[in-house]
Amino acid sequence: MLKLDSKIPEGPIAEKWSRYKTGLRLVNPANKKKIDIIVVGTGLAGAGAASALGELGYNVKAFCFQDSPRRAHSVAAQGGTNAAKNYKNDNDSIYRLFHDMIKGGDYRAREANVYRAAEVSNDVIDHFTAMGVPFARDYGGSLDTRSFGGVQVSRTFYAKGQTGQQCLLGTYSSLSRQIGKGTVKMFPRRDMLDVVIVDGKARGIITRHLITGELERHSAHAVVLATGGYGTVFYLSTLGLGSNASAAWSAYKKGAAFANPSFIQIHPTSIPVLNDYQCKLTLMSESLRNDGRVWVPKAKGDKRHPNEIPEEERDYYLERRYPAFGNLVPRDVASRAAKERCDAGYGAGETGLSVYLDFKDAIAKQGKKAIQDKYGNLFEMYEKITGILPYNEPMRIYPAGHYTMGGLWVDYNLMTTIPGLYAIGESNFSDHGANRLGASSLMQCSGDGYFILPNTISDYLADDIRTGKIPTDLPAFEEAEKSVKERIQRIKAVKGKQTASSFHKRLGKILWDHCGMRRDEKGLKEGMVLLDKLEEEFWSDICIPGSEKDFNQELEKALKVADFFEVGRLMCEDALQREESCGAHFREEHQTETGEAKRDDANFAYVAAWEYQGPKAKPKLHKEDLKFEFVELKERSYK
Amino acid sequence: MDFTLKIWRQENASSKGSFKTYPLKDVSPEMSFLEMLDYLNNQLISKGEEPVTFEHDCREGICGTCGLYINGRPHGPARNTTTCELHMREFKDGATIVVEPWRASAFPVIKDLAVDRSSFERIMQAGGFVNVNVGTAPDANAIPIGKLIADKVFDAATCIGCGACVAACKNSSAMLFAAAKIAQYAMIPQGQVEAKERVDKMVKQMDAEGFGFCSNTYGCEFDCPKGISVDFIALMNREFFSSKVCKHKE
């Protein structure tokens, strides 16, 4: 029977972490050598944790599916990373960053965790700089910051539009250093397919070597998942194509609770789908909405070139619907409004699934040069992908799945409900509530990996100094490997006609339509029926050419898609039970008269943590009540 | 658009590969090069053939996973563009397109168009870092670095580790890759302490992996999707010579 114990320490918010840390048990240096730790995933969270644990002297085994840890999807983050340094003397503080994150998350995150993330943000910036990460600087040589995501202070550190790349490469270099020293052994090109539980504790994983197809057993005293989010469930998203839910999902199926799966951030300004074979959406910085005006034709199905549509036949729907905020309404509102227009038949482009973002007026007012200075590199990127230069005609944009706030439930130690199994970075649920604040994902991943996990995990490992190596011939390893093998054989044996991608695309469409930016009871229930039907079709018609004992990308894809059916169902289940609108979760039934989200703090100020009950069985809901002792709950208003 | 594709097919590292010709019809000019290959693979699968193996991930030019040798150029005809950012409108309708993996002995072929770039990993592990442990960093603003230097450091640090520089070079030299990392650290105070050891170890590893030397054709700079300058190779050479002059001890 699963029990949620968040282990939030008592005391004033600013002292919780430092007091708690002092009480955590240590493992002495001689004993650390006797302890093995598995880290799965080598993005900012995983590579940070692996290198920090390696520096401490543990034996670390790190795994990634890419050919190199440097390619983990943290690399693609653009905007920046927040820290409460107050370098701009604009009265920023840890408390302000904490407060902004709680509010941005629409009051659905845990206060203690969020405060700690804000607290270690300063250490993260110090460490990155010491490692040589080239953040932007001013002429005096100090680090530059910018404001981001509508907050009132300037606390976002950045490296052009490639902050994620530079932070990840810094972390990758520290990981490489430990690999060279031999404290970390790197296992690239591995998919983690199951977690192994011995006597109730996580003691290892089963992986598939992606080149040879071999199934491998790896044992350790603790297992850390840093496997990212599940946003690729939508098929079309801003994520890398290899990103997937399978590692976290195998943990869920072994008993780890999965929290708030329906909380997924949809970003409003991505380049839309241009052809039927597209499987990836590229983000265009949100800053473009500062000068661009969003519109669609006033007439349904108007297929004229945008420059031929006269002013009076254009509907600047954001300015019309939200006169106070206009084109600068928050992400969720902008995304939902674009979807509404396109669904109603007013969308632009051949597919009708995009809206215009027009710089005509800004260029007329400020001159081309000024616009070029601000957005030149973004315009070039847009041209590279679409062949259109936005100086001459409007950009086309559309919302895209971007980040998952939900994930494996963890306590204050970042441990899941399975003892010895940890989840860090985007793979856990803890810091972003129902909506993530801009520039806080790099910050949280690095904080978890470098500064939080290495402290909390030692308290757990202190009991394992006499355990000795965990043998991989234990029955639990046998069973786990056998079930993975059977699953692969089962999926291979279907010998159907349709590809994994074609199923993924249809699955993504179902979720996008029924569990995307706007949800209602009827749609969610329909979505679940459609998912069941498609899943049945998948298991009777999936086609996987080639052998499972070889480099087989179709098999890799099929195994991931098989899990996405189950992820999708849990997302719908979660969205259905949450009878309120909050952050990225918008229920049609729960909105104000003007169409704003209507939160219900009296009944829904909780974390929804789901417990697996077996295939096809309805998962069990557990609630962790959120207590707000240091922040007052308020309505998020844009008026 | 219609194309004739000549694609390198190779079952595994030890087998002998060869070109296979695939006619492909109705390609949209909006497709990226990789989407065009997805489209081809879909047709191959439906005919019961094995799809072409090629590697990719972010599909927005930043992860460095994809890298194909297209018509004799790494990442194809467009400059400052990775394979995933390359679009079919860059090609003429009816053209024949030759697609190969990176060709270098330090990048052995794994299957079809996928190569093993772990030699880059070992160069990084030899010295591509600053020796700083978690928890020992001073305040971030304690180390001032002028904007002009910082911008130059960024230009070096922007390498995505794709390997196009090696594929472009007739000597299969990895100098641009190694130089970008060495220069990044050589230009900032954080990297000074161990600068001499770093350049020595990384160059040694580069040689051990079987990468060739630089003969100043600048093909690497021309084909680098991030436009990294060969000036950094000059900087690396200077660092290397000075490390020898200083006769540091290992």
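As the structure is a computational prediction, the values presented were derived from the model and not from experiment.

S.K.: Would you take a moment to explain the interface of chain B and chain A for this structure?
M.R.: Of the residues lining the interface, 60 residues belong to chain B; the matching set on chain A comes to 59 residues. Taken together, the residues of the side of chain B that touches chain A break down into 26 nonpolar, 19 polar and 15 charged.

S.K.: How should I be thinking about unusual backbone geometry in this particular structure?
M.R.: For residues other than glycine, phi is negative in most cases, and the peptide bonds are mostly trans. Residue Asp199 of chain A is not a glycine yet carries a positive backbone phi of 50°. With respect to the helices and strands, Asp199 of chain A occurs in the loop between strand E7 (190–198) and strand E8 (201–209). The residue Asp26 of chain B is not glycine, and still its phi comes out positive at about 55°. Mapped onto the elements, Asp26 of chain B comes out in the loop between strand E2 (18–24) and helix H1 (33–46).

S.K.: Help me out: how do you make sense of the environment of Phe54 of chain B in this one?
M.R.: All names here are of chain B. Positionally, Phe54 belongs in the loop between H1 and strand E3 (69–70). Along the primary structure Phe54 and Ala114 are separated by 60 residues, whereas in three dimensions their C-alpha atoms are 5.2 Å apart. Setting aside residues up to four positions removed in sequence, Phe54 forms contacts with Leu37, Leu68, Asp112, Leu113 and Ala114.

S.K.: Before we go on, may I ask you to explain the pairing of strand E16 (residues 395–404) of chain A in this structure?
M.R.: Here is the key point about a regular strand: its side chains alternate between the two faces of the sheet. Residue and element names in this part refer to chain A. Across the 10 residues of E16, 10 count as buried, placing the element largely inside the fold. The pairing of strand E12 (residues 264–270) with E16 spans 5 bridges and is antiparallel. In the sheet register, Ile264 faces E16, and the bridge partner there is Thr404. Here strand E15 (residues 355–358) pairs with E16 via 3 bridges, running antiparallel. Following the sheet pairing, Tyr356 is matched in E16 by Arg396.

S.K.: Help me understand the domain arrangement of chain B, please; the structure alone is not making it clear to me.
M.R.: Accessible area lost upon the coming together of the parts is a frequently used measure of interface size. Residue and element names in this part refer to chain B. As far as domains go, chain B holds domain 1 (3–111) and domain 2 (117–245). Taking only C-alpha atoms, the centre of domain 1 and the centre of domain 2 are 29 Å apart. Listed per partner, the contact involves 18 residues of domain 1 and 17 residues of domain 2. By residue class, the composition of the side of domain 1 that touches domain 2 is 8 nonpolar, 8 polar and 2 charged.

S.K.: Honestly, the environment of Ser51 of chain A in this entry has me stumped. Any pointers?
M.R.: All names here are of chain A. Topologically, Ser51 is positioned in helix H3 (residues 44–56). Ser51 sits 548 residues away from Arg599 along the chain, and the two C-alpha atoms are 41 Å apart. Beyond its immediate chain neighbours, meaning those up to four positions away, Ser51 contacts Thr171, Ser174, Leu175, Gln178 and Val184.

S.K.: Even after reading the chapter, I still don't get the sheet that holds strand E5 (residues 96–100) of chain B, so can you show me in this structure?
M.R.: Across a sheet, strands are paired by hydrogen bonds formed along the backbone, either parallel or antiparallel in direction. All names here are of chain B. One open sheet accounts for 5 strands, arranged E2-E1-E5-E3-E4; its pairing is mixed. Edge positions in the sheet fall to E2 and strand E4 (73–74), since each of these pairs with one other strand and no more. By the bridge criterion, 7 bridges tie strand E1 (residues 3–9) to E2 in an arrangement that is antiparallel. Following the sheet pairing, Ile7 is matched in E2 by Lys20.

S.K.: Looking at this structure, how should I read the environment of Lys298 of chain A?
M.R.: Residue and element names in this part refer to chain A. Position of Lys298 relative to the elements: it lies in the loop between strand E13 (293–297) and strand E14 (314–315). When the C-alpha atoms of Lys298 and Cys279 are compared, they prove to be 30 Å apart, with 19 residues separating the residues in sequence. Look past the residues within four positions of Lys298 in its chain and what remains in contact with it is Glu313, Arg314 and Asp315.

S.K.: Explain helix H5 (residues 175–186) of chain B here, please?
M.R.: Along an α-helix, a turn takes 3.6 residues, which lines up residues three or four apart on a common side. Residue and element names in this part refer to chain B. Here H5 contains 12 residues, and its C-alpha end-to-end distance of 15 Å stays within 8% of the 16 Å for a straight helix at 1.5 Å per residue. Burial in H5 covers these residues: Met175, Leu176, Phe177, Ala178, Ala179, Ala180, Lys181, Ile182, Ala183, Gln184, Tyr185 and Ala186. If you follow the buried residues of H5, they end up packed against helix H2 (118–127), helix H3 (147–157), helix H4 (164–168), helix H6 (195–208), helix H7 (219–223) and helix H8 (231–245).

What counts and what doesn't
- Residues numbered from 1 in each chain as written.
- Chains lettered and ligands numbered in written order.
- Predicted model: local features only at pLDDT ≥ 70, side-chain atom pairs only at ≥ 80, totals over all residues.
- Contact = placed C-beta atoms within 7 Å.
- Nonpolar A, V, L, I, M, F, W, Y, C, P; charged D, E, K, R; others polar.
- Helix = DSSP H or I, 4+ residues; strand = E, 2+ residues; numbered from the N terminus.
- Buried ≥ 20, exposed ≤ 12 C-beta atoms within 10 Å, placed from the backbone.
- Pairing = 2+ DSSP bridges.
- Domains from an automatic or database assignment.
- Expected span 1.5 Å × (residues − 1).

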